[in-house]
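Chains, contacts and geometry: an overview
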Amino acid sequence: MLKVGLTGNIAAGKSTVADVWRALGATVVDADELSRRAVDPGTPAFSAIAAEWGERVVEPDGGLDRAALRRIVFADPAARERLEQIVHPAVAGLREEIYRDAEARGERIVVADIPLLFEVGLVDEFDVVVLVDAPVETRLARLIGDRGLDPDEAQRMIAAQMPSELKRARADYVVENAGSRGDVERRAREVWEELQRRAAGG
């Protein structure tokens, strides 16, 4: 089974590519969704977070207070590292479960949608890495225009990620997303066909 890592910097259009592939029948594992599931109440990761930071990160209803936890880890690099040590193995376990199920169903390809694939050092887990990319000015305009972000905040979010030039050098395929939605959807279909050929040994 071909394991494909799908990634892209913020506002590059990765979700559009994931949606196209889902519509074509792909199993797409969403890292953000797994990160949420990994810390559901009752999970070992939730218990570890509650033990580490106590009541201040637990909602009155017993769920995780994500905003409070975010404030703590963004202000303290050591806390962020500790959180990653708790969450990443839990997410990896959930991802492996999905891989096993997909393999049991006889699927040839499974896609993991991971925004920070390069930053967290997961490149070697995949047979193929696909990067969705757009120029910085385009991404900045999308963050401000489509998501309503303040220009300074948008700049900070872009600056916080690894530059896409470094990612392009290590990606197997790049889906350019500087044009229309139709353009990126067409390129996404082309890459999917190529992945299917690779999975079939062609």
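The coordinates are above.
Residues numbered from 1 in each chain as written. Predicted model: local features only at pLDDT ≥ 70, side-chain atom pairs only at ≥ 80, totals over all residues. Heavy atoms only, no water.

1. Description of unusual backbone geometry
If you check the backbone angles, A11 has positive phi at about 65° while not being a glycine. If you trace the backbone, A11 turns up in the loop between β1 (2-8) and α1 (14-23). By relative accessible area, A11 is classed as buried at 9%. (Helix = DSSP H or I, 4+ residues; strand = E, 2+ residues; numbered from the N terminus. Buried < 20%, exposed > 50% of the residue type's maximum accessible area, 1.4 Å probe, protein only.)

2. Considerations on the pattern of salt bridges
A side chain of one charge can pair with a side chain of the opposite charge when the charged atoms of the two come close. Inspection of every chain in the model, using the stated rule, returns twelve salt bridges. Note that D113 is salt-bridged to K14, the shortest N-O span being 2.7 Å. One end of the pair, D113, is in strand β3 (residues 109-113); the other, K14, is in helix α1, with 99 residues separating them in the sequence. By relative accessible area, which is 5% here, D113 ends up buried. (Salt bridge = Lys/Arg side-chain N within 4 Å of Asp/Glu carboxyl O.)

3. Describing the pairing of β3
With five of five residues buried, β3 is to be regarded as a mostly interior element. The alternating pattern of β3 places I109, V111 and D113 on one face and V110 and A112 on the opposite face, and all of these are buried. Relative to β3, β1 is paired through five bridges, and the arrangement is parallel. For V4, the partnering residue across the bridge sits in β3 and is V111. Bridge count between strand β2 (residues 27-30) and β3: four bridges; the pairing is parallel. Along β3, the bridge assignment pairs V28 with V111. (Pairing = 2+ DSSP bridges.)

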